[in-house]
Amino acid sequence: ADVDIYGRAVLAPLEASASTAEPVVKVYSVHCSVNVAMPWSNKPQEESTGSGFTMRQQHDGQLVILTNAHCVADATYVE
């Protein structure tokens, strides 16, 4: 396996084929944060979108999506 100067595994770039996903994806989530003033109840659900990118894990070849935490924080549904 290839490693960088810090000893971390270097992921192979995605090859263009019909079986791979688009490199940049839209992340749709429904989230509901906790109401700190009344912890027994939730705030209303909100919908939001963000972006992410796909990459293939080197150890098992699985395709995963990497996105920022604020895109999926308190999410009840992610697509």
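What comes next is a walk through the structure.

**Examining the sheet that holds strand β4 (residues 75-78)**
Backbone-to-backbone hydrogen bonds pair the strands of a sheet. The strands run either parallel or antiparallel.
Okay, so step 1: The four strands lie next to each other as β3-β2-β1-β4, forming an open sheet whose pairing is antiparallel. The sheet is open, and its two borders are formed by β3 (63-67) and β4, each paired with just one other strand. Here the strands of the sheet are splayed against their neighbours by 40 degrees on average, with no regard to which way each runs.
Okay, so step 2: Pairing of strand β2 (residues 46-56) with β3, which is carried by five bridges, proceeds in the antiparallel orientation. Along β3, the bridge assignment pairs Arg56 with Leu63.

**Digging into the environment of His70**
Okay, so step 1: When you line up the elements, His70 lands in helix α1 (residues 69-72).
Okay, so step 2: You can call His70 exposed: its relative accessible area is 63%.
Okay, so step 3: Residues His70 and Gly50 lie 20 residues apart in sequence; the distance between their C-alpha atoms is 8.7 Å.

**Remarks on a nonpolar patch on the surface**
Okay, so step 1: On the surface, Val24, Phe53 and Leu66 cluster together into a nonpolar patch covering about 290 Å² of accessible area.
Okay, so step 2: Inspection of the secondary structure puts Phe53 in strand β2.

**Quick word on the side chain of Asn35**
Okay, so step 1: Along the chain, the position of Asn35 falls in the loop between β1 (24-31) and β2.
Okay, so step 2: Dropping the residues within four chain positions of it, Asn35 is found in contact with Ser41 and Lys43.

Reading the values: the criteria
- Residues numbered from 1 in each chain as written.
- Predicted model: local features only at pLDDT ≥ 70, side-chain atom pairs only at ≥ 80, totals over all residues.
- Heavy atoms only, no water.
- Pairing = 2+ DSSP bridges.
- Helix = DSSP H or I, 4+ residues; strand = E, 2+ residues; numbered from the N terminus.
- Axes fitted to C-alpha atoms, helices over the stretch in contact; angles between N-to-C directions.
- Buried < 20%, exposed > 50% of the residue type's maximum accessible area, 1.4 Å probe, protein only.
- Patch = residues over 30% accessible without salt bridge, like charges linked within 9 Å, V, L, I, M, F, W, Y side chains within 5 Å.
- Areas by Shrake-Rupley, 256 points an atom, 1.4 Å probe, with all protein chains shown as cover.
- Salt bridge = Lys/Arg side-chain N within 4 Å of Asp/Glu carboxyl O.
- Contact = heavy atoms within 4.5 Å.

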